[in-house]
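Notes for the structure review
If you want the building blocks of each chain, they are given just below.
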Amino acid sequence: MSGVSIPIFAAMLVIFAAVTIFLGYYGYRNTKDNSEFLLGRNKTNPIIIGLSYGATFLSASAVIGFGGQAATHGLTLMWLCFLNLFVGLFVAFLVFGPKTRRVGKRLGASTFADLLGKMYESKGIRAFTAILIIVMMPIYCAAVLKGGVNSVAVITGLTDLYDVILIVMAIIVGIYVVYGGIIAVMYNDALQAGIMFIGMVVILIVTFSTLGGVTNAFESLSALDPGMAGGVLDGFTGWTSVADFGSSEWMLVVTTFLMGVGLGVLTQPQLIVRFMSAKDDRMLDRSLIVGSIFMLVIVGTAYTAGALSNVFFMNKDGGLAFNYVSGLGLGTDFIIPQYILEVFDGVLGGDFFVCLFLLSLVCASISTISALMHTIGAAGGYDLYTLAKNRREKKEADSQNVRVNRICTAVMMVLVVIYCYVMPKDIIAKATSLFMGMTAAALLPAFVHGLYTKGRPNKRAAVCSIAVGTSSYLFWALFINKSSSVFLPICKMLTGDAVLFSGPIQYCDALIVSLPLSIAAFLIVMAIDRYCGSRKMQPAEAE
């Protein structure tokens, strides 16, 4: 199959676009003020929240980026599926969700930056969180957009129209986010999640059917010669086994892909807002069931099909997935699109299912991009604008100007498109890990303390933790970790080398170092403050 059936895909797109526009208009009609633009509280239900959370969390980076990495590095990435479910859903919904909703409602917070700032009664923490979102989140957003565009370009065969596809997709997202706000975003997320779910179920069935069943597929994968692998590092032992402990391969897969994304989800601003939009705790409990089923199917299928694509390409052409797409002049991020294009070749109704899968990838990209753009726009148009306006007018009141949010969102969308042109290839999974790891290192200790402390949170400890987490993460990411240093090659400009040290340490993710340092800084300052406080309370000793 040389490309997707354009007439079938065009028909699907027309229907999809019509429903998307309708939901965007629905959001616009139901967005009367800034509160509804930012949160849309009482405008959703458990199914919408669960599907929106899952669709926002699992973007094209999960299907295309991490699916391609599973093809390269093997089924070790299935541990990320476990972390997505356990940390990203059960811990997030049961431990963080209800408390976040209640605290956010009590404080009148509308964004994650707003929540942290009001927890600690700190304009500085609110401003820093908003700036962190504006600076770092566009990188993640651009990676997701790039993943969606890559899929459309490869599967349709319209690689010459890459620029057009990129701009059209950006415009579609920009319009309904700018005008419809969070209501349009969440309802469109639910629509797109449904399409993604159907598409991924079909892929899983066809994959196992093509490879002779579940048992035969995994046995064939296990029998592949690790010596033929391309794109892996020292320590790789096969597609069904974990890399040698402490090796370069182990450092990359475990510390970057598994830990960076698995833990970073807890401080994702676009996901935290989903908790804050719920009407009550029972709604979150019901949303958990919907989100669990959705996420298990999406990530389980992506990582399984990614790894098993090696068996498919070996049977078909005598080579592995990475080597096959490299021979076509493509990178890791193109493995899944190319696999889908070829595995459905000759299958009854293959054209239709390829179009359905392509539409599901478009949905995966758009659902996450819309949530990210809404979050970025709110950080600038609500958080920073509120702080600047209050300082200028010398008063304390949150902005109610929806227009500023919309303008900021539109401007940042343009920046994201520019990022797509300057980012290196095969970067989708790494960009996702970078943003999630950065937010966890900087904000997770302060977020946890602010939610669960009894009494007034320790602002000094929070500021110190944020400073240590941010600075240590940036240093490690820019000077030690080879995967992340490509985003801003300061080390190469200063020293001539991409990183300061060679060996396995250059593949150790910054989160592994910076999060413990951030936690330690928080605890040390708390201990010092407690000790100093107890000393002041002691009565003066008689001479």
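This text goes with the structure placed above it.
Note that the coordinates shown come from a computational prediction; the quantities given were computed from them, not determined experimentally. (Residues numbered from 1 in each chain as written. Predicted model: local features only at pLDDT ≥ 70, side-chain atom pairs only at ≥ 80, totals over all residues. Heavy atoms only, no water.)

On to the overall build of the protein. A count of helical and extended segments in the protein gives 20 helices and 0 strands. Over its C-alpha atoms, taken along the principal directions, the protein stretches across nearly 90 × 55 × 45 Å. By residue count, 61% of the 543 residues in the protein fall in the buried class. Relative to all contacts within the protein whose residues are 6 or more apart in sequence, the contacts with residues 24 or more apart total 82%. When the accessible surface of the protein is totalled, it reaches about 21,000 Å², and 66% of it is carbon and sulfur. Side-chain charges of the protein comprise 36 positive and 30 negative groups, with the mean position of each set lying 15 Å from the other. (Helix = DSSP H or I, 4+ residues; strand = E, 2+ residues; numbered from the N terminus. Buried < 20%, exposed > 50% of the residue type's maximum accessible area, 1.4 Å probe, protein only. Contact = heavy atoms within 4.5 Å. Areas by Shrake-Rupley, 256 points an atom, 1.4 Å probe, with all protein chains shown as cover. Lys, Arg positive; Asp, Glu negative; His and termini not counted. Charge placed at Lys NZ, Arg CZ, Asp CG, Glu CD.)

Take the packing of aromatic side chains next. Applying the stated criterion across every chain, the model contains 17 aromatic pairs. Seen in terms of ring centroids, W79 and F82 are 6.1 Å apart; in terms of plane orientation they differ by 85°. Their pairing is edge-to-face. Of this pair, W79 and F82 are both found in helix α5 (residues 78-107), 3 residues apart, which corresponds to roughly one turn of the helix. W79 gets classed as exposed once you look at its relative accessible area, which sits at 51%. (Phe/Tyr/Trp six-rings, centres within 6.5 Å; stacked < 30°, edge-to-face > 60°.)

Let us look at unusual backbone geometry. Even without being a glycine, E121 presents a positive backbone phi close to 50°. Locating E121 in the fold gives a position in the loop between α6 (112-119) and α7 (123-156). Not every positive phi belongs to a glycine, and K394 is a case in point at roughly 55°. Its location among the elements puts K394 in the loop between α15 (350-393) and α16 (402-422). Given the relative accessible area of 74%, K394 is considered exposed.

Right, let's talk about the packing of α15 against α16 for a bit. Remark: α15 packs on α16, axes separated minimally by 8 Å, with the N-to-C direction vectors making an angle of 125°. Between α15 and α16, the interaxial angle falls into the category oblique. In the crossing of α15 with α16, the sense of the turn from one axis to the other is right-handed. Between α15, through I369, M373, I376, G377, A378, G380, G381, Y382 and Y385, and α16, the contact on the second element is made entirely by V404, N405, C408, T409, M412, M413 and V416. Considering only residue class, the contact of α15 with α16 consists of 11 nonpolar, 5 polar and no charged. (Axes fitted to C-alpha atoms, helices over the stretch in contact; angles between N-to-C directions. Parallel < 35°, antiparallel > 145°, perpendicular 65-115°, else oblique. Left-handed = near helix turned anticlockwise from the far one by under 90°. Nonpolar A, V, L, I, M, F, W, Y, C, P; charged D, E, K, R; others polar.)

The next subject is the side chain of R101. Inspection of the secondary structure assignment puts R101 in helix α5. Other than its neighbours up to four places away in sequence, R101 contacts F275, M276, A278, K279, D280, D281 and L284.

One finds Y53, L145, F357, M373 and F447 to be the most contacted residues of the largest nonpolar core, which totals 182 residues. At 22 residues, helix α8 (residues 162-210) tops the list of elements feeding residues into this core. Sequence-distant contacts of M373, that is, excluding residues within four places in its chain, are made with C141, V177, T409, M412, M413 and V416. (Core = buried A, V, L, I, M, F, W, Y, C linked by side-chain atoms within 4.5 Å.)

Below, the discussion takes up the environment of V297. Checked against the element boundaries, V297 lands in helix α12 (residues 281-317). A sequence separation of 132 residues divides V297 from I165, and the C-alpha atoms of the two residues are 28 Å apart. Those residues in contact with V297 that lie beyond four places of it in its chain are F197, M200 and V201.

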